[in-house]
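# Chains, contacts and geometry: an overview
One-letter residues, chain by chain:
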Amino acid sequence: MPSPSSAAPRAGPGVPLALARWRERHYRAPRYELAFRLRPGARSVSGTLQLAVTIPRGPLDLVLDWRGGPVNGVRVNGRTASPLYKNQHLVIPRRALKRGRNLLQLAFSAPVRAGGPLRRYRDARDGAEYLYTLLVPADASALFPCFDQPGLKGRFRLKLDLPKNWRAVANAPALEERTGFARFAETPPISTYLFAFAAGPFRVVTRKSEPVRLFVRQSRLARARAVAPALLRLNRAAMDRFARDCGHPFPFPKYDLVLIPDFHYGGMEHAGATFLREDRVLLRQPRSRYWRRRRALLLLHETAHQWMGNLVTMRWFDDLWLKEGFANYLAYGALQALALEFDGERAWAELTSSGRRAAAKPGAPALHAPLDNLAAARSVYTEIVYRTAPAVLRHAEREFGAARFRRALRSFVRRHAWGAVDWRDLVRALERATGRDLRPWARRRILQPDALAQGVPPTRAMGIQ
Ligand SMILES: [Zn+2]
């Protein structure tokens, strides 16, 4: 534990809010250099970490989140060091550190298992094996020691030692890819929950004139080729539209879509590499309009997150509604404009009426949902953030005027690009664009549980004509 003379709060298990706030104040610009050795069938993966972090008012204890086993070979600023391990934190005492930039090196291992940070899929058709990460909301610290909070963004460099016939995809473009090895460029600043890689005997579908690649397991290559033209075309049109909506070009140097069989969610918007559940893209009922619309919305939602969530990130998961609300607001708007066969206006009406019903349920939370510890972050993934939040944003667009709302959205994205925000930053952007005091609006819409359901006649609140 931190010594009494250091300011680090005594940290219990998980990622407590007080620790996260303290680290945001005292640590700057973390740079993670990670290397993993991936082996087929292995129950664990070994890795090394070099972490550079600036402590401007140091020396102070360095408190990392770590839920794995023992670490070894620990060196701090070139010297052997002995970290303390307590309550799921790895603590380097301040006596080993200095003011300014510090360099920590260590080796670790992490499990490969269902439900873990690194998961395996074995293809029953050809016996091929695929490994992929899933770290949202706060499981990066089960894969490698880190500051596992969305508001303290870091740059990542990654090296993967791979079996002979595997290839890998990660957040950044590959700088080097050869048999058994891949090395990736450094990412821009991203939150730990957005770090990802996948590896295995993937095949890659590319199309002339399409900048985005589609990764698929080798046994599904033919089906992926069949859906790729329409999927990549819609995705490219959406990227152009979101860049205009947000007033910011696509944030990352490349973008891949990676199909993962049995993926736990419909999709996950890792920076520069969205993972999509394979059967939500390669449909079992390819002619079903319902499933094709869901596929389009899933793709648009995850791609919208590259701006709303990945470029501009909620500082803490109490404002999850910001990224999920805007992802659906942008996705449904894009469906309406770009995929005319799906009747986007009706899709909006369905979303907003289910958002209103969710808000009217007894005990429904507010959009902003206080959260003391990221160990409980899964509890904030509710219908409120996915359905009520976009309805509130659409209502705000109607209430304040489309042009002003767009101006607010662009100023919000530009001002906070690569940074982290909370709900107040959005309210300030809306106030700048409208010239109004919106604190009463924020109380009613963002901080109170059921204002959308009770305070406004439903048709007006939902913007449904
Ligand atoms: Zn989402």
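Residues numbered from 1 in each chain as written. Predicted model: local features only at pLDDT ≥ 70, side-chain atom pairs only at ≥ 80, totals over all residues.

## Considering helix H9 (residues 423–434)
Counted at 1.5 Å a residue, the expected span for H9 with its 12 residues is 16 Å, and the 17 Å between its end C-alpha atoms agrees. Buried residues along H9 sit in contact with helix H5 (320–338), helix H7 (383–400), helix H8 (402–416), strand S22 (420–421) and helix H10 (439–447). Just past H9, the residue glycine 435 takes up positive phi, approximately 70 degrees. (Helix = DSSP H or I, 4+ residues; strand = E, 2+ residues; numbered from the N terminus. Expected span 1.5 Å × (residues − 1). Contact = placed C-beta atoms within 7 Å.)

## Some thoughts on the domain arrangement of the chain
On domain assignment, one finds that the chain holds domain 1 (1–113 + 138–191), domain 2 (201–306) and domain 3 (313–462). Taken over C-alpha atoms, the centre of domain 1 sits 30 Å from the centre of domain 2. Contacts between domain 1 and domain 2 engage 11 residues on the former and 12 residues on the latter. (Domains from an automatic or database assignment.)

## Concerning the sheet that holds strand S1 (residues 28–37)
The eight strands are arranged S5-S4-S8-S2-S1-S11-S14-S13 in an open sheet whose pairing can be described as mixed. The sheet is open, and its two borders are formed by strand S5 (79–80) and strand S13 (174–178), each paired with just one other strand. Sheet topology places strand S11 (residues 155–161) next to strand S14 (residues 181–184); four bridges connect them, and they run antiparallel. Residue pairing across strands places lysine 159 opposite arginine 183, the latter belonging to S14. (Pairing = 2+ DSSP bridges.)

## Here we look at the packing of helix H2 (residues 221–246) against H5
Two elements in contact, H2 and H5, have axes whose closest approach is 10 Å; the angle formed by their N-to-C orientations is 120 degrees. The angle between H2 and H5 falls in the class oblique. The crossing of H2 and H5 is right-handed. Judged by residue contacts, Leu234, Ala237, Ala238, Arg241, Phe242 and Asp245 of H2 engage Leu330, Ala334, Ala337 and Leu338 from H5. Looking at the contact of H2 with H5, its residues break down into eight nonpolar, no polar and two charged. (Axes fitted to C-alpha atoms, helices over the stretch in contact; angles between N-to-C directions. Parallel < 35°, antiparallel > 145°, perpendicular 65-115°, else oblique. Left-handed = near helix turned anticlockwise from the far one by under 90°. Nonpolar A, V, L, I, M, F, W, Y, C, P; charged D, E, K, R; others polar.)

## Notes on the sheet that holds strand S16 (residues 202–205)
Judged by pairing direction, the sheet is mixed, and its five strands sit side by side in the order S16-S17-S18-S20-S19 without closing on themselves. Of all strands in the sheet, those with a lone pairing partner are S16 and strand S19 (267–268), marking the two edges. Here H2 sits on the sheet and contacts S16, strand S17 (213–217) and strand S18 (256–260); the angle it forms with S17, its principal contact strand, is near 155 degrees.

## Remarks on the nonpolar core
In terms of nonpolar packing, the biggest core is built from 147 residues, with Ala168, Ala198 and Val258 touching the most fellow members. Here this core takes 11 residues from H5, the largest share from any one element. The residues touching valine 258, leaving out its near neighbours within four places in the chain, are Val169, Ala198, Phe215, Ala273, Thr274, Phe275 and Leu276. (Core = buried A, V, L, I, M, F, W, Y, C linked by C-beta atoms within 7 Å. Buried ≥ 20, exposed ≤ 12 C-beta atoms within 10 Å, placed from the backbone.)

## Structural notes on the pairing of strand S7 (residues 89–92)
Side chains His89 and Val91 project from S7 onto one buried face, and the interleaved Leu90 and Ile92 project onto a second face that is buried too. Looking at chain direction, strand S3 (residues 62–65) and S7 are connected through four bridges and run antiparallel. Note that in S7 the partner of leucine 64 across the bridge is leucine 90. The pairing of strand S6 (residues 84–86) with S7 spans three bridges and is classified as antiparallel. Residue lysine 86 lies in a different strand from S7, and its bridge partner there is histidine 89. What sits between the antiparallel neighbours S6 and S7 is a turn of two residues, in which asparagine 87 has the positive phi angle 50 degrees.

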